[in-house]
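# Coordinate inspection notes
Here's the letter readout for the chains.
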Protein chains: 2
Amino acid sequence: MSEIGFGKHDHSACISGALEAAEQVCSAQGLRLTKGRRRVLEILVQEHRAMGAYDILAVLSDEGFGAQPPVVYRALEFLVSNGFAHKIEKLNAYVACSHPQEGDHAPVFLICKSCGIVAEGDAPKRKSDLQQQAQESGFVIETTVMEAEGLCPTCVPGGEA
Amino acid sequence: MSEIGFGKHDHSACISGALEAAEQVCSAQGLRLTKGRRRVLEILVQEHRAMGAYDILAVLSDEGFGAQPPVVYRALEFLVSNGFAHKIEKLNAYVACSHPQEGDHAPVFLICKSCGIVAEGDAPKRKSDLQQQAQESGFVIETTVMEAEGLCPTCVPGGEA
DNA sequence: AAGTGAAATGTTATACTATATCAAGACGAA
DNA sequence: TTCGTCTTGATATAGTATAACATTTCACTT
């Protein structure tokens, strides 16, 4: 499964699946998926798009959750550092991970300039040119950001024909 | 030259070279490297590190330049969109391009977590896996962001031995 | 040389993104 | 139960970026 997902999918299954996966990973690793963290992940999965921290905050706020910025940023830090969500640096926004089951991975994001959709793909498993170049220069990579901006199949002129 | 530059170099030549290159490109393409734009580029080249917009602003301010944020952001927009500088998304910071002569290129940045140095490499010219993956899904890439964070040769424990 | 339109700059205000700090509560382990 | 740690609550503030509009500069035409 290294396909990039612009297609339709069963979203209600996708939501419950993502939450279940997160719960399993957390219980397996002794992490605490607390109420607030869980709710933030839920929001990200439900909306299924890149959201700014303050977008999420607004949703929480409507629900009577304590709704100060640190609440959201803490939850996001937990989710991102444990692989349940990713930060899109180019957008200063966050998305739920498309396949949290798979543990550590090096995601690649395709961001549509027109409709804003963000799709997550997998970085190649074989040693990338980036890795190679870095290694040659003696640099040790810990994390990578790979993001591409352009037009998704639906928004490409003449596309989706 | 697709080496990643952590080595030493003749910095005064590097500065004048970068400025000359920018002037040549501008005159060739009918772009205006105005005083403020030129000064911002100069600062970036001189400092030779990733700088926040407000770092640059502080330098301008000490020189009696009009020093409101839009001044810097406009200059940066010009420099970035014409390839004289790049934005490091992960840091919300800007660096002078290491090889502005080479026109459009897809840079790769290696960011050291320890000392903050940012080195620019070239993304591979041959069709990358990213391009390939995107193409298969019908996505048309316009720009890419590739950034890696880790430890540079100098900061790697046991490195530079 | 004067007129014109487009690009660039000056300036003020404000929006958006993120973290520091410290007090209080919740939870598991001994 | 007590301890230590992780998590949350709450206030304040730091850091990044753009909107909007007036004014100037510049290249080009007449």
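What comes next concerns the included structure. Remember, it's a predicted structure, so these values are computed and weren't measured experimentally.

## Focus: the protein's contact with DNA strand C
Close contacts around DNA strand C come from 16 residues, with Tyr54(A), Lys87(A), Thr34(B), Gln68(B) and Arg74(B) the closest. Close to the protein, within 4 Å, the atoms of DNA strand C belong to sugar or phosphate groups at a rate of 48%. Take Tyr73(A): an N or O atom from its side chain is 3.1 Å from a phosphate oxygen of DNA strand C. Within the side chain of Thr34(B), an N or O atom sits 2.5 Å from a phosphate oxygen of DNA strand C. For the surface near DNA strand C, the elements supplying multiple residues, two or more each, are helix H4 (69-81) of chain A together with helix H4 (69-81) of chain B. Counting residues per element, the surface near DNA strand C draws most heavily on H4(A), which supplies four residues. Considering only residue class, the surface near DNA strand C consists of seven nonpolar, three polar and six charged.

## Some thoughts on the side chain of Glu120(B)
If you trace the backbone, Glu120(B) turns up in strand S4 (residues 118-122). A polar side-chain atom of Glu120(B) sits 3.4 Å from a polar atom in the side chain of His99(B).

## Re the pairing of strand S5 (residues 140-151) of chain B
Bridge count for strand S5 (residues 140-151) of chain A against S5(B) is eleven bridges, and the pairing is antiparallel. Bridge pairing links Thr143(A) to Glu149(B) in S5(B). Bridging between strand S3 (residues 107-112) of chain B and S5(B) involves four bridges; their strand directions are parallel. Counterpart to Cys112(B) in the pairing with S5(B) is Gly150(B).

## Regarding the environment of Glu47(B)
All names here are of chain B. Mapped onto the fold, Glu47 is located in helix H2 (residues 35-47). Since its relative accessible area comes to 34%, Glu47 is described here as partly exposed. Residues Glu47 and Ile15, spaced 32 residues apart in sequence, show a C-alpha to C-alpha distance of 9.6 Å. There is a polar contact of 3.0 Å between the side chain of Glu47 and the side chain of Arg49.

## Comments concerning the relation of the copies chain B and chain A
When chain B is brought onto chain A, the operation consists of a screw motion whose angular component is 180° and whose axial shift is 0.0 Å, with 0.0 Å RMSD remaining. The two molecules are tied by a two-fold rotation axis, judged by turn and shift. Minimal C-alpha separation from the rotation axis in chain B is found for Met146(B), amounting to 2.4 Å. Comparing interface residues between copies, 100% of those in chain B also sit at the interface in chain A, which points to an isologous, same-surface contact.

## Structural notes on the packing of aromatic side chains
All names here are of chain A. Inspection of the entire model under this criterion finds four aromatic pairs over all chains. The interplanar angle of 70° and the centroid separation of 6.3 Å between the aromatic rings of Tyr54 and Tyr73 together place this pair among those described as edge-to-face. Remark: Tyr73 occurs in helix H4 and Tyr54 occurs in helix H3 (residues 53-62); sequence separation between them is 19 residues. A relative accessible area of 51% means that Tyr54 is categorised as exposed. Directly above the aromatic system of Phe78 lies the positively charged group of Arg37, at a separation of 3.9 Å from the ring centroid.

## With respect to the interface of chain B and chain A
Contacts between the two partners involve 37 residues from chain B and, on the opposite side, 37 residues from chain A. In this assembly, chain B packs against chain A so that about 3,100 Å² is buried in total across both faces, 55% of it on carbon and sulfur atoms. Its largest share of buried area at the contact with chain A, chain B owes to Gln133(B), Phe139(B) and Val145(B), together 20% of the area lost on that side. Remark: the boundary between chain B and chain A carries two salt bridges. Between Lys113(B) and Glu142(A) there is a salt bridge whose closest N-O contact spans 2.9 Å. Counting across the interface, chain B meets chain A through twelve residue pairs in polar contact (both at pLDDT 80 or more). Sorting elements by how many residues they give to the side of chain B that touches chain A places S5(B) first, with twelve residues. Each residue belonging to the side of chain B that touches chain A can be placed in one class, and the counts come to 19 nonpolar, nine polar and nine charged.

## A word on the pairing of strand S1 (residues 85-88) of chain B
A regular strand places its side chains so that they alternate between the two faces of the sheet. Of the pairings in the sheet, the one linking S1(B) to strand S2 (residues 93-96) of chain B comprises four bridges and is antiparallel in character. Pairing of Ala85(B) across the sheet is with Ala96(B), part of S2(B).

## Points about the protein's contact with DNA strand D
Within the structure, DNA strand D sits among 15 residues, and Thr34(A), Gln68(A), Arg74(A), Tyr54(B) and Lys87(B) are positioned closest to it. Counting only the atoms of DNA strand D that lie within 4 Å of the protein, the sugar and phosphate share comes to 48%. Contact distances for DNA strand D include 3.1 Å between a phosphate oxygen and a side-chain N or O atom of Tyr73(B). With respect to DNA strand D, the side chain of Lys87(B) contributes an N or O atom lying 2.6 Å from a phosphate oxygen. Secondary-structure elements contributing two or more residues to the surface near DNA strand D are H4 of chain A together with H4 of chain B. Residue composition of the surface near DNA strand D, by class: six nonpolar, three polar and six charged.

Here is what the cut-offs are and how they apply
- Residues numbered from 1 in each chain as written.
- Chains lettered and ligands numbered in written order.
- Predicted model: local features only at pLDDT ≥ 70, side-chain atom pairs only at ≥ 80, totals over all residues.
- Heavy atoms only, no water.
- Near = heavy atom within 4 Å.
- Polar contact = N/O pair within 3.5 Å; in protein donor to acceptor, adjacent residues only side chain to side chain.
- Helix = DSSP H or I, 4+ residues; strand = E, 2+ residues; numbered from the N terminus.
- Nonpolar A, V, L, I, M, F, W, Y, C, P; charged D, E, K, R; others polar.
- Pairing = 2+ DSSP bridges.
- Buried < 20%, exposed > 50% of the residue type's maximum accessible area, 1.4 Å probe, protein only.
- Least-squares fit on C-alpha atoms with pLDDT ≥ 70 in both.
- Contact = heavy atoms within 4.5 Å.
- Phe/Tyr/Trp six-rings, centres within 6.5 Å; stacked < 30°, edge-to-face > 60°.
- Lys NZ or Arg CZ within 6 Å of the ring centre and 35° of its normal.
- Buried area = accessible area lost by both parts, 1.4 Å probe.
- Salt bridge = Lys/Arg side-chain N within 4 Å of Asp/Glu carboxyl O.

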